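Single-letter residue listing:
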Amino acid sequence: MAATRAAFTLWRRLAALLGSLLGGLLAVGPARAADLPEDTAEGLLHVYTGGGVTAYGPAFLVRKSVADRFSLTGSYYLDAVSNASIDVVTTASKYKETRHEFALAGDYVYRDSRITLGGSTSHEPDYTANRFSLDISQEVFGGMTTVILGFTRGDDKVGKKDSPEFSDSARHWQYRLGVSQILTPRWIMSVNAEALSDDGYLGSPYRAARVFGAAVPERNPRTRSARALMLRVKGDLGSRDAFSASYRYYYDTWEIKGHTLELGYSRYFQETWLADAYLRYYTQDKALFYSDNAQSETTYVSRNRQLSTFNTAAVGAKVSWLWRKVPGKYEIKLNGAYEFVHFKFKDFTDLRTGDKYAHSASILQLYVTGTF
Amino acid sequence: MRSQARTGPAALLALGAALLLGGCSSFSVPTVEPWVKPYERERLADPIMQFSRSALPERHVGHVREVREGSRGATGVQGGGCGCN
């Protein structure tokens, strides 16, 4: 009886403590105004090359405030893909195609809140994807904490080149919750969680699976639900340098479990140079229906190596140079970034050699950023 | 014995409560206030402390990874399209 009373008292005090914390989050500190994102212009030239695939193109983004509380962002992104990946060379022939993506977003700030409404449309010859998103961020606890809630809805149309009889669709839902927290005058952290749900045609009409050594069209489930959780921390080390670390855990109903770990270091050189270096490691387990060469007939079967057991290890660097700065007017930076990444597949065989497949890739970015 | 087994967790809970709240004399509820004042956030406002500095390069790398890895989401980067055949 005494123990029950103690437990009840504990619950009351814990509830009071939680109430105090929430009350503090919502009420403590003077009312602050959330900031609109800076007026920005960005121009990017990007190149990915590796595993027989080359994808490159330009991208542009402009963000401009049109009133005290409202700003508009427009962007264009082009991917010119030349694909001779292992899937393509072992089951089809090399091809080229171009993807265009247009996006438009509006930001509105009111007191401590920022609301972002956005839409994008992406077109390639056999695939069209449309996205609509809404994000709300709210500063609380005297500006030390920012809470973000977001939602994205997507609709895709899937086609197949030279096969007008093939037509299918996919729908996507994403729900986000994030908290960014100032820990000390030098350290900040964030926690982001996302629930994703997909429905419809979730594979590729070109890809083949192998059953008893014979190539057959892949058969994927038409639904997929996933959860992802990411923790990030960044700290000022005191010598005009900073350390960052992040970890993401992912799992879905196809039984893929993924772990991503990234460590980074940033440092200023003189007044105008900022350099970043990072290491990234990713590992995942295969999907339940993935098979390199299935030895039984099953409802679903895939040999998509994105669903296999593999890991990637990457090392990257970025350099930013402040080219022009007129305080209060504008600032222009020239930037370069390079990442070298190695993919190592554990249950995907290179049919040309009989060995487990592995390849390396490079990601190069050259970009100009201006704020005004 | 059964009675002891049942009250065990409750006693542990009470002990935990004492440890958790014991620092507060007479169990008063502490008030939590922002401990990093706005004027102490100069270092955090520097670009070196931003998780993401430029939208386009982040979106590009996010897309490259999303079409090659099984994991997605929780990065704050919006993807689009396919490009994954």
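Residues numbered from 1 in each chain as written. Chains lettered and ligands numbered in written order. Predicted model: local features only at pLDDT ≥ 70, side-chain atom pairs only at ≥ 80, totals over all residues.

J.: How should the overall build of chain B be read in this particular structure?
T.: When helices and strands are tallied, chain B shows three helices and zero strands. What you see in chain B, going N to C, is helices and strands ordered as α-α-α. Taking all 85 residues of chain B together, the buried fraction comes to 34%. (Helix = DSSP H or I, 4+ residues; strand = E, 2+ residues; numbered from the N terminus. Buried ≥ 20, exposed ≤ 12 C-beta atoms within 10 Å, placed from the backbone.)

J.: What is the right way to read the overall build of chain A from this model?
T.: When you go through chain A residue by residue, the secondary structure sums to two helices and 18 strands. Reported as C-alpha extents along the three principal axes, the dimensions of chain A are approximately 75 × 70 × 40 Å. Counting all 372 residues of chain A, 28% fall into the buried class. Expressed as a percentage of contacts within chain A between residues at least 6 apart in sequence, the contacts between residues at least 24 apart total 55%. (Contact = placed C-beta atoms within 7 Å.)

J.: How should I be thinking about the pairing of strand β11 (residues 214–217) of chain A in this particular structure?
T.: Each regular strand displays side chains that alternate between the two surfaces of the sheet. Residues and elements named next belong to chain A. Looking at chain direction, strand β10 (residues 208–211) and β11 are connected through four bridges and run antiparallel. Pairing of alanine 208 across the sheet is with proline 217, part of β11. Taken together, β10 and the strand that follows it, β11, pair antiparallel across an intervening segment of two residues, in which phenylalanine 212 is found at a positive phi of about 50 degrees. (Pairing = 2+ DSSP bridges.)

J.: Which parts of the structure should I look at to understand unusual backbone geometry?
T.: Glycine aside, residues mostly have negative phi angles, and peptide bonds mostly take the trans form. Residue arginine 111 of chain A is not a glycine yet carries a positive backbone phi of 50 degrees. Looking at the element boundaries, arginine 111 of chain A is found in the loop between β4 (95–110) and β5 (113–124).

J.: Would you mind going over the environment of lysine 356 of chain A with me for this structure?
T.: Residue and element names in this part refer to chain A. With respect to the helices and strands, the residue lysine 356 is situated in strand β18 (residues 356–371). Here lysine 356 falls in the partly exposed class, since 14 other C-beta atoms lie within 10 Å of it. In the structure, lysine 356 is positioned 309 residues away from valine 47 in sequence and 26 Å away in space, judged by C-alpha atoms. Contact partners of lysine 356, with chain neighbours within four places excluded, come to Phe345, Lys346, Phe348 and Thr349.

J.: Before we go on, may I ask you to explain the confidence of the model for chain A in this structure?
T.: In low-pLDDT regions, the fine details of the predicted coordinates are not to be read closely. When pLDDT is averaged along chain A, the result is 91, and 91% of the positions lie at 70 or above. The low-confidence segment residues 17–31 of chain A, where pLDDT is below 50, has 23 contacts with residues more than four positions distant or belonging to other chains. (pLDDT = per-residue confidence, 0-100.)

J.: How should the nonpolar core be read in this particular structure?
T.: Across soluble globular proteins, you tend to see nonpolar side chains buried next to one another. Tyr48, Val341, Phe343, Phe345, Ala361 and Ile363 of chain A together with Val64 of chain B are the most contacted members of the largest nonpolar core, which has 14 residues in total. Contributions of two or more residues to this core are made by β16 (310–326), β17 (330–349) and β18 of chain A together with α3 (55–66) of chain B. By residue number, the principal contributor to this core is β17 of chain A, which donates four residues. Contacts of isoleucine 363 of chain A, omitting those with residues within four sequence positions, involve Tyr48 and Glu339 of chain A together with Val61 and Val64 of chain B. (Core = buried A, V, L, I, M, F, W, Y, C linked by C-beta atoms within 7 Å.)

J.: Would you mind going over the pairing of β16 of chain A with me for this structure?
T.: Residues and elements named next belong to chain A. Of the pairings in the sheet, the one linking strand β15 (residues 273–284) to β16 comprises 12 bridges and is antiparallel in character. Each residue of the ladder has a partner; that of leucine 274, found in β16, is serine 320. Of the strand pairs in this sheet, β16 and β17 are connected by 16 bridges, and their pairing is antiparallel. By the bridge assignment for β17, phenylalanine 310 is matched with phenylalanine 345.

J.: Sorry, what's going on with the confidence of the model for chain B here?
T.: Residues and elements named next belong to chain B. Per-residue confidence for chain B averages 72 on the pLDDT scale, and 55% of its residues sit at or above 70. Within chain B, the element-level pLDDT minimum falls on helix α1 (residues 2–21), averaging 48, and the maximum on α3, averaging 94. Between residues 1–8, whose pLDDT stays under 50, and residues either more than four places distant or in other chains, the model counts one contact. In the model, residues 19–26 has pLDDT below 50 throughout and makes three contacts with residues more than four positions away in sequence or in other chains. Across the predicted assembly, pTM comes out at 0.85 and ipTM at 0.89.

J.: Explanation requested: α3 of chain B in the structure shown.
T.: Two residues of an α-helix separated by three or four positions point the same way, owing to the 3.6 residues in each turn. Here α3 of chain B is 12 residues long and its end C-alpha atoms lie 16 Å apart, about the 16 Å a rise of 1.5 Å per residue gives. Listed in full, the buried residues belonging to α3 of chain B are Ala55, Leu56, Pro57, Arg59, His60, Val61, His63, Val64, Arg65 and Glu66 of chain B. Lining the buried residues of α3 of chain B we find β1 (40–50), β2 (53–67), β17 and β18 of chain A. (Expected span 1.5 Å × (residues − 1).)

J.: Could you clarify how one ought to interpret the environment of glutamate 262 of chain A in this entry?
T.: Residues and elements named next belong to chain A. You can see glutamate 262 is positioned in strand β14 (residues 257–269). Glutamate 262 sits in the partly exposed class, given 18 other C-beta atoms within 10 Å. Spatially, the C-alpha atoms of glutamate 262 and asparagine 311 are 14 Å apart, while their sequence positions differ by 49 residues. Excluding residues within four positions of it along the chain, glutamate 262 makes contact with Ala245, Ser246, Tyr278, Leu279 and Arg280.

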